[in-house]
Amino acid sequence: MTIKIDLEQGELSEQADISQPFLPAEEKPESKKSFSERRTSNGGSTATVFLSTFIVVLGSLEFGYCVGFSSPVQSAMIKDLDLTTSQFSTFGSLLTIGAMIGAILSGRTADFLGRKGALRVSSACYVIGWLMIALLKDAWLLDIGRLLTGYGAGLTSYTVPVYIAEITPKNLRGGLTTTNQLSITIGILIAYLLGMLVEWRLLAIIGIIPCILLVSGLFFIPESPRWLEFVEELGNLPRAKILDLFRMKYMHSVVVGVGLMLFQQFGGINAVMFYASEIFKDAGFSSSNIASVAVAALQVPMTAIGALLMDKSGRRPLLMVSAGGMSLGCSLVGLSFYIQSHESDTSIVVTILALGGLLGYIATFSLGMGGIPWIIMSEIFPINMKGIAGSLVTLVCWFGSWVITVTFNFLLAWSTAGSFFIFAGVSASAVLFVAYLLPETKGLTLEEIQSSFESFFTRRTLNANTNDFLQEER
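Computed from a predicted structure; not experimentally measured.

S.K.: Help me understand the layout of surface pockets, please; the structure alone is not making it clear to me.
M.R.: The method is simple in principle: a probe with the dimensions of a water molecule rolls over the atoms, and the space it marks as empty is what remains. Approximately 1700 Å³ is the volume attributed to the largest pocket. The wall of the largest pocket is formed by 45 residues, among which Val 67, Ser 70, Asn 270, Met 273 and Thr 405 lie closest to the centre. Elements with a contribution of two residues or more to the lining of the largest pocket: helix 2 (46–81), helix 3 (85–135), helix 5 (173–195), helix 9 (248–266), helix 10 (269–282), helix 11 (288–313) and helix 15 (383–414). Ranked by the residues each element gives to the lining of the largest pocket, the list is headed by helix 15, at 10 residues.

So, in structure tokens, the structure goes:
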């Protein structure tokens, strides 16, 4: 008989579908109870879950603010600091480099210091980075500040969805975890709007405010109960190594987690956002700032709709609709560029196709593919593997973002239309990937999800071997 610790119920249980304690537990003194036990005995409050979620997504808002910062300040920073376009490009790209470093260390940091401790570290990096950007003048010092904010973003992008998934009941987990992505889009929108109104150094100072609110709020919310259980009851397990992820029982989780992040990034989101201002200019909008604000403003309500649908429709349908819409949107944008390069006097047709494809792409990306890969990442790995696995998945996401950013200009030089057709093909492939490899996780406890993922390839191998045996017998 196999015994496991059911962290969702806070008790020992058999591997079978029996949720009774293995042995009657003696009553512990209150001081020696784990958080999950204290929460159960005190009648845990849903209000605490919502409050905790609201506080930690301030880190996601800060993450989005960092991403949105460079777009509205480009011309002002180049002028004030006498930077070249190449120097500013370096400044902007260092966010991604810092995030990759933060991603590598995010799992270990969150396992060692706790989820709240990791968020405090990320907040400190944000604050130091923003102060360097706001107060210093040397370009290389500003680059270090940008790198630090990127490091904070790498920590935040892993820790926030994991914390929310670990504190949230199964019937609310999808919607509340999606608030991570919703807050990122709100942060981007705030940065764009404020960037049109205030000087860039003041914009950097304002970036400190969410960090102060986050660190203050962390004093009023509990640590993740699953992390506390891990420290108290599972700490005697062998330390997870990167090679452990390639064992058969974890292979399915790794394939799904990494695969979704690759489809998210190689579906072309950064490329589409990069080209958005040009498409809006062709549609008659002269200001690139208006284009940026319009795109960010569209993301917020669509992400909110995705959050409302997450625990009703499920992850799989939303992901397939999202990826299918992204494929269609990129196809329309690619078609517009193809027509433009082969026909004359087609400005109206090209504009309608490009603008419709762009808006459709961004809307459907925000509906599912923007946030759901982070939800899946936070659900599918067991607690003792979550740190190393989550670091790998987060690193893949940021690395994919960097690859697309670096290579996109080369793709455009080869063929603008062809580039978007490639992105359309990648998104179409994501539909098949989800259909065949991603089981639905809606309404399941984290332990049930992880158990189904661990046995996925084992079941398929067993079924294949059984079929081979039966054919030989015949």
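S.K.: Would you take a moment to explain unusual backbone geometry for this structure?
M.R.: With the exception of glycine, most residues fall at negative phi, and the peptide bonds are largely trans. The phi dihedral of Asp 82 is positive, around 55°, even though this residue is not glycine. With a relative accessible area of 66%, Asp 82 lands in the exposed category.

S.K.: When you look at the nonpolar core in this model, what are you seeing that I'm missing?
M.R.: The tendency in soluble globular proteins is for nonpolar side chains to be buried side by side. Ranked by size, the top nonpolar core spans 65 residues in total, and within it Val 256 and Phe 420 carry the most contacts. When residues in this core are grouped by element, the largest group, nine residues, is from helix 15. Ranked by size, the runner-up nonpolar core spans 35 residues in total, among them Ala 103, Leu 189, Trp 200 and Ala 204.

S.K.: I keep staring at helix 2 and nothing clicks. Help me out?
M.R.: Given 3.6 residues per turn, any residue in an α-helix points the same way as the ones three and four places further on. Taking 1.5 Å as the rise per residue, helix 2 with 36 residues should run 52 Å; its terminal C-alpha atoms sit 50 Å apart, in good agreement. At Val 73, helix 2 shows its maximal bend, which comes to roughly 65°. Positive phi appears at Asp 82, one or two residues downstream of helix 2, with a value of about 55°.

S.K.: Would you mind going over the side chain of Arg 146 with me for this structure?
M.R.: Within the secondary structure, Arg 146 sits in helix 4 (residues 139–167). Buried charged residue Arg 146 carries no salt bridge. Nearest counter-charge: Asp 143, at 7.9 Å. Polar contacts involving the side chain of Arg 146 include one to the main-chain carbonyl oxygen of Cys 66, which spans 3.0 Å. Contacts of Arg 146, omitting those with residues within four sequence positions, involve Cys 66, Phe 69, Ser 70, Phe 91, Gly 92, Leu 94, Leu 95 and Ile 133.

Procedures and definitions
Residues numbered from 1 in each chain as written. Predicted model: local features only at pLDDT ≥ 70, side-chain atom pairs only at ≥ 80, totals over all residues. Heavy atoms only, no water. 1 Å grid on protein atoms, 1.4 Å probe; cavity = no way out; pocket = protein on both sides within 12 Å on 5 of 7 lines; lining within 4 Å. Points joined across faces, edges and corners; volume = space filled by probe spheres on them. Helix = DSSP H or I, 4+ residues; strand = E, 2+ residues; numbered from the N terminus. Buried < 20%, exposed > 50% of the residue type's maximum accessible area, 1.4 Å probe, protein only. Core = buried A, V, L, I, M, F, W, Y, C linked by side-chain atoms within 4.5 Å. Expected span 1.5 Å × (residues − 1). Bend = angle between axes of the 7 residues up to and from the residue. Lys, Arg positive; Asp, Glu negative; His and termini not counted. Salt bridge = Lys/Arg side-chain N within 4 Å of Asp/Glu carboxyl O. Polar contact = N/O pair within 3.5 Å; in protein donor to acceptor, adjacent residues only side chain to side chain. Contact = heavy atoms within 4.5 Å.

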